[in-house]
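So the chains spell out like this:
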Amino acid sequence: MSLAAARNLESRPDSAAENRRNTLISDGELDRMFRQMLLIRAFERRTEALFAAGTIRGTAHSCIGQEATAVGAMAALGSRDHVASYHRGHGHCIARGADPGRMMAELLGKATGYCGGLGGSMHIADMDLGILGANGIVGASMPLGTGTALTAQLRGHDGVTVAFFGDGASNEGAFHEAANLASVWKLPMIFFCENNGYSLTSAYAETSAAACVADRAAAYAMPASRVDGNDVEAVALAMEAAVERARQGLGPTLVEAMTYRHGQHSMRANLREPRPEAEIDSWKARDPILRARAELLRRGAADEADLAAAETEAETLVDAALRFAEDSAEPDLDMMMAAVLAPRDALPEPDLPTDRMIGFPEALAEALAQEMERDKSVFLLGEDIGPTGGIFGATRGLAERFGTDRVRDTPISEGVITGCGVGAALAGMRPVVEMQFFDFVTLAMDMIVNQAAKLRFMLGGSRPVPLVVRGPQGGGIRVGAQHSQCIESWFTHIPGLVVIAPSTPYDAKGLLAAAIRDDNPVIFLEHKLLYVAPPAPVPEERYLLPIGKGVIRREGHHVTVVATMAMVARALSAAGQLAREGIEVEVIDPRTLAPLDEELIFASVRKTNRLLIVHEAWSYGGFAAEVTARVVDQVFDWLDAPVARLTGMDTPMPYNGTLEREVMPSVAKIVAKIRALLE
């Protein structure tokens, strides 16, 4: 590390070093950075004009005035490094080497855009350049960035991740969770704050207790550098030091670049202007392009003719970019639909008879072990999953076998755990994230719903997101309302997610293995009652079960019962009782809730002409309502009675044991419901 870089890294906020002119950047490098800043500004000015003309719609966020932060930051990065951006990300992309033509095409919603016109201004990405994508969710860059940084660490190369964020995002939990995780694991990561003094219209001082963002780094044992963000040389030197520190395995650094956007928060310009005119004028006088221009002239590295030619060149490149975008085709519906989920090969149902009996948790652990053995990109993240083996034993013995690098105990930070998994999946890993109780997934909903489920789509279908989020849900073991929910319908409602709900140890092993190999984000639900159910036959060898294929657990012709997870065993018990009365019940286990094996259910209804759907989750808006709607839509003429539902009561789960049993579907309730359906 150079002495100058070290001094920059170690400088305290507001030190005199912030404004010191640096001459350690070569003339040629300064000229290159100047030209990049010109291109960014020309691109943003054209974008503003196109937005005002109605050619670009929706919204876009200009980085005019902040060009030095993007260009200076990227100057220190190499080809193996990653960049996670945010909504004001055009400059980051251009400075990283993105094609302005494809960027402009994306802004115009064209098929040749980086994301096929499906992402737009806030979601431009190019994984070939290490650009994870700009992100419309404030603070999301940081959890995602921990995933690519962890990937570099696990793979043993010196790649670094830079997560850009604004000053407003420093108040998000995502910042604090990610900073803590990165520091605990010494991830090769740089938290780069572009502090332009305002979030939307609120000034930093009005919304943040800390005097500056850099002060927050001390809480996470992280060094910080506060630099003049309008001085491209100062930014480059700060980044050089931080990147070198990360490559040496010393962990993350926070860089706070003090800068200013010339325009409003977004190009819509429909908000009040909270900034005093004198303040705006003062910052415009410190314009980063004007300062770099003056420095080139001062050094004699360029003359006025050279600088004018550089400005013309930038405009010419943007002209060409716009022509490319305007001449490009629109995306079509087929392309759009293909971007939602990655395709998968059809798998046959295996025929593996066995007498070996193991329990549900052991089956999960065996699937995890076999997939980790097969594929070194598979690793596990979760709370107490390492030496403890998880509170239900689903990861028992895996840390001893594969090491704590691949079976990682995490802080209690569900949001960043999941975000780390999403980022790692984008970088080519196959993470499995455990929720200690699935109720806690509420703390990770942004990373599941806005990131994992949407990223393949927003990237135009160009990148898989092979992530599994698994854990226990459901009642029956008296752990109360906040540890007993069945929330599968939340996830079946979200395009881009696969939802799997096994009911036996055999299915748990085969479906979990298939989920890990799938190129889509998978929600893998494990009912807690199944953890304590008796052992069942499970082959020792590796096998996969087809995702999206249900099974008939019991043949019948009087009534069809579709049951899920722990309710399958209860439905089978009820069917056994009714068989003694001559009533033959067909029991269907969907196994996968999204995609759903509709044809299996439709065929059964055509045979029995009656349908009962049983699940533990609440009735209102539950999974049974969706199945009912599809059956009525497709096979209504075969029904001899209205579709019936038996679900949990629409109440939080009580702690009292008698009440807990009362609110859940029971064998007796299933029997009674079937009898009523046959009357």
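Structure shown above.
Residues numbered from 1 in each chain as written. Predicted model: local features only at pLDDT ≥ 70, side-chain atom pairs only at ≥ 80, totals over all residues. Heavy atoms only, no water.

Draft legend 1. Examining the environment of L77 more closely. Within the element layout of this structure, L77 appears in the loop between α3 (67–74) and β1 (82–84). Sequence-wise, L77 and E244 are 167 residues apart; in three dimensions their C-alpha atoms are separated by 9.9 Å. Setting aside chain neighbours within four positions, we find L77 in contact with V83, R96, V162, M239, V243 and R247. (Helix = DSSP H or I, 4+ residues; strand = E, 2+ residues; numbered from the N terminus. Contact = heavy atoms within 4.5 Å.)

Draft legend 2. Representation of the nonpolar core in the model. Membership of the largest hydrophobic core comes to 150 residues, with the highest contact counts inside it found for F191 and V631. For this core, the leading source of residues is helix α2 (residues 27–52), giving 11 residues. Excluding residues that lie within four positions of it along the chain, F191 makes contacts with M142, A163, F165, A178, A179, A182, M222, P252, T253, L254 and V255. Of all hydrophobic cores here, the second largest spans 64 residues; its members include A367, V568, A641 and L677. (Core = buried A, V, L, I, M, F, W, Y, C linked by side-chain atoms within 4.5 Å. Buried < 20%, exposed > 50% of the residue type's maximum accessible area, 1.4 Å probe, protein only.)

Draft legend 3. Structural detail: the layout of surface pockets. What the largest pocket holds in volume is close to 470 Å³. Around the largest pocket, the lining comprises 21 residues; the ones closest to its centre are T492, H493, L593, A594 and R630. Of the residues forming the lining of the largest pocket, the biggest block, four residues, is contributed by helix α23 (residues 623–635). Its residues assigned to classes, the lining of the largest pocket comprises 12 nonpolar, six polar and three charged. Each pocket or cavity is described by its volume, and for the second largest pocket that value is around 380 Å³. Lining the second largest pocket are 16 residues, and of these R344, D345, A346, L347 and D518 sit closest to its centre. For the lining of the second largest pocket, the residue count by class is nine nonpolar, one polar and six charged. (1 Å grid on protein atoms, 1.4 Å probe; cavity = no way out; pocket = protein on both sides within 12 Å on 5 of 7 lines; lining within 4 Å. Points joined across faces, edges and corners; volume = space filled by probe spheres on them. Nonpolar A, V, L, I, M, F, W, Y, C, P; charged D, E, K, R; others polar.)

Draft legend 4. Empty space enclosed by the protein, seen in detail. Tallied over the entire structure, the rule returns eight cavities of 30 Å³ or more. Roughly 130 Å³ of internal volume is contained in the largest cavity. For the largest cavity, the lining is made up of 14 residues, of which S484, E616, W618, T651 and M653 are closest to its centre. Counting residues per element, the lining of the largest cavity draws most heavily on strand β19 (residues 611–618), at three residues. A breakdown of the residues in the lining of the largest cavity according to their chemical character gives nine nonpolar, four polar and one charged. Empty space within the second largest cavity amounts to approximately 60 Å³. Lining the second largest cavity are L200, T201, R261, Q264, H265, L271, R272, E273, P274 and R275. Here the residues of the lining of the second largest cavity sort into three nonpolar, three polar and four charged.

Draft legend 5. Geometry of helix α5 (residues 100–107). With seven of eight residues buried, α5 is to be regarded as a mostly interior element. Taken as a whole, α5 has its buried residues at P100, G101, M103, M104, A105, E106 and L107. Where α5 is buried, its residues touch α2, α4 (90–96) and α12 (304–326). The N-cap of α5, judged by a side-chain oxygen 2.9 Å from the amide nitrogen of G101 a few residues on, is D99. Downstream of α5 by one or two residues, G109 has phi in the positive range, about 75 degrees. (Polar contact = N/O pair within 3.5 Å; in protein donor to acceptor, adjacent residues only side chain to side chain.)

Draft legend 6. Spotlight on the pattern of salt bridges. A full pass over the atoms with the stated rule returns 39 salt bridges. For E273, the salt bridge is made with R275, and the minimal N-O distance between the two is 2.9 Å. Overlapping salt bridges bring together D27, E233, E295, R298 and R299 as one network. (Salt bridge = Lys/Arg side-chain N within 4 Å of Asp/Glu carboxyl O.)

So, to be careful, I would describe these as geometric facts and stop short of saying anything about function.
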